[in-house]
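Summary of the model geometry
So the chains spell out like this:
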Amino acid sequence: MAKNKYEIDMVNGTIMPKLITFAIPLMLSGILQLLFNAVDIIVVGRFSGSQSLAAVGSTSSLINMLTNLFIGISLGANVLAARFYAAGKHKEMSETVHTSILTALISGVLMIFVGIFFSRPALELMDTPSDVIELATLYMRIYFVGMPFFMLYNYGAAILRAVGDTKRPLIFLVVSGVTNACLNLLLVIVFKMDVAGVAIATVISQMISCVLVLICLYKTDAVYQLRFKKLRIKWEYLGQIFRIGIPAGIQSTLISFSNVLLQSSVNSFGSIAMAGYTAANNVLSFLYMGANSITQACMSFTSQNYGARKPKRMDKVLIDGLILQVVICLTLGVLAYVFGNQVSSIYTDDPNVIKCSVEILALTTVPYFLCGFMDTFPGVLRGMGRSTVPMILCLLGTVGVRILWIYCFFPHNRTLGYLFISYPVSWIATIVMQLIYYIFIRKEVHKELNTSNEYTLV
């Protein structure tokens, strides 16, 4: 099935080594994307002070909430492209690629206007302190100017992941990540541009990764070749992409919304706690990239084997994926817990900020493999074309529990530690519901693939 050295044959051979081969470059790619923001935070924290640190950090949940709907749609593009690729449907694969790229461009342009006009009102709704809000607004407005580049890169990388190519997106992010780090140091330390400097550096680095992934798609001679004159929306495929991607995007958006509510609760403790949460949240983001890379691998492998009509391999993908979640997330979580003080000190030398960060990490790092489990089941289900019900269950288990915790339990014990117990509690609730649903859907999908020539998207 694999046509070149970058692609992976997902429908034949042993699964676990190929899952690892797929997931590791994807994990490193995700970590590099996080470094865009982490370098911003480290540079402003070290050279511009706690207010600038809090300003940049306080935008992360809001930025995620505003962009995750469109990023979720890229998952639909990944699933559909992987399915057509495995089934040998070259025309459908090509039309999916061009529909996806044009969708990315349109959504990126729309996000520029969202960022410019809604950044400050959204930050005000989050009760962002007056000593931080001006800097946070400036950072967000500049950041959103780069949204077309951000979207095009993510959709282009989703197409490459559909055929098992996670190595070239990693290379592109190495180039853009090094550029981002160098520009951060130049614009903040030399030109004293504070949060504006780190935002500009991020936009330029996103532009570089975008150009590289588009060149990659343009120069390939495979069925996913990009030709700009062929860019058009095929509504049939866009509808299928939306049926998978929009529920995934809504899920991510509303989970980010619950984190925005949590950010608002943290804001009530003042700028020191905000800076501590910023540092801890960045550490947790690195753990999430480990979990999410496995989820993405499971989704692509499941989708290709669904297209190849191999349900038993789909079962094996889930089992191997859960094993990897335990090994990787538990290892990273324990390391983050043991070295929490040292890791937090990377972001700031303020002992009060470090103390807040360590308090949060103590409750969220070791059980982080539960978050990996929580993500793997919906990833596999999306690979089967089932996206709506996993979204609903995730919202009930994650968003619902966190909102309940913030408004019903937290007011009676207003401490950072008690606030962040909501994380593992919500993970467990979601896993239970997703597992029950998966058991029913597995039987349905096995019957579908063994008796029908048509695929179902729900």
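What comes next concerns the included structure. (Residues numbered from 1 in each chain as written. Predicted model: local features only at pLDDT ≥ 70, side-chain atom pairs only at ≥ 80, totals over all residues. Heavy atoms only, no water.)

1. Considerations on the packing of helix 10 (residues 271-307) against helix 17 (residues 422-451)
Helix 17 packs onto helix 10 with a crossing angle of 5° between their chain directions and a minimal axis gap of 15 Å. Between helix 10 and helix 17, the angle falls in the class roughly parallel. Across from Tyr277, Leu284 and Tyr306 in helix 10, the residues of helix 17 making contact are Tyr423, Val445, Glu448 and Leu449. For the contact of helix 10 with helix 17, the residue count by class is six nonpolar, no polar and one charged. (Axes fitted to C-alpha atoms, helices over the stretch in contact; angles between N-to-C directions. Helix = DSSP H or I, 4+ residues; strand = E, 2+ residues; numbered from the N terminus. Parallel < 35°, antiparallel > 145°, perpendicular 65-115°, else oblique. Contact = heavy atoms within 4.5 Å. Nonpolar A, V, L, I, M, F, W, Y, C, P; charged D, E, K, R; others polar.)

2. Focus: the packing of aromatic side chains
Taken as a whole and judged by the stated rule, the model has 13 aromatic pairs. Ring plane angle 15° and centroid distance 5.6 Å describe the contact between tyrosine 218 and phenylalanine 228, whose orientation is recorded as stacked. Taken together, the residues span a long stretch of sequence, with tyrosine 218 in helix 8 (residues 194-219) and phenylalanine 228 in the loop between helix 8 and helix 9 (235-267) at a distance of ten residues. Here tyrosine 218 falls in the partly exposed class, since its relative accessible area comes to 36%. Taking the relative accessible area as the measure of exposure, phenylalanine 228 reaches 45% and is therefore partly exposed. Each ring, one from tryptophan 405 and one from phenylalanine 409, has its centre 5.1 Å from the other, and the planes form 40°; the classification is tilted. Residue tryptophan 405 and its partner phenylalanine 409 are located together in helix 15 (residues 388-409), separated by four residues, close to a single helical turn. Since its relative accessible area comes to 11%, tryptophan 405 is described here as buried. On the basis of relative accessibility, which here comes to 36%, the residue phenylalanine 409 falls in the partly exposed class. The ring of tyrosine 218 has arginine 227 lying over it, and the distance from NZ or CZ to the ring centre is 4.1 Å. Cation over ring: arginine 402 sits above tyrosine 423, and NZ or CZ is 4.3 Å from the ring centre. (Phe/Tyr/Trp six-rings, centres within 6.5 Å; stacked < 30°, edge-to-face > 60°. Buried < 20%, exposed > 50% of the residue type's maximum accessible area, 1.4 Å probe, protein only. Lys NZ or Arg CZ within 6 Å of the ring centre and 35° of its normal.)

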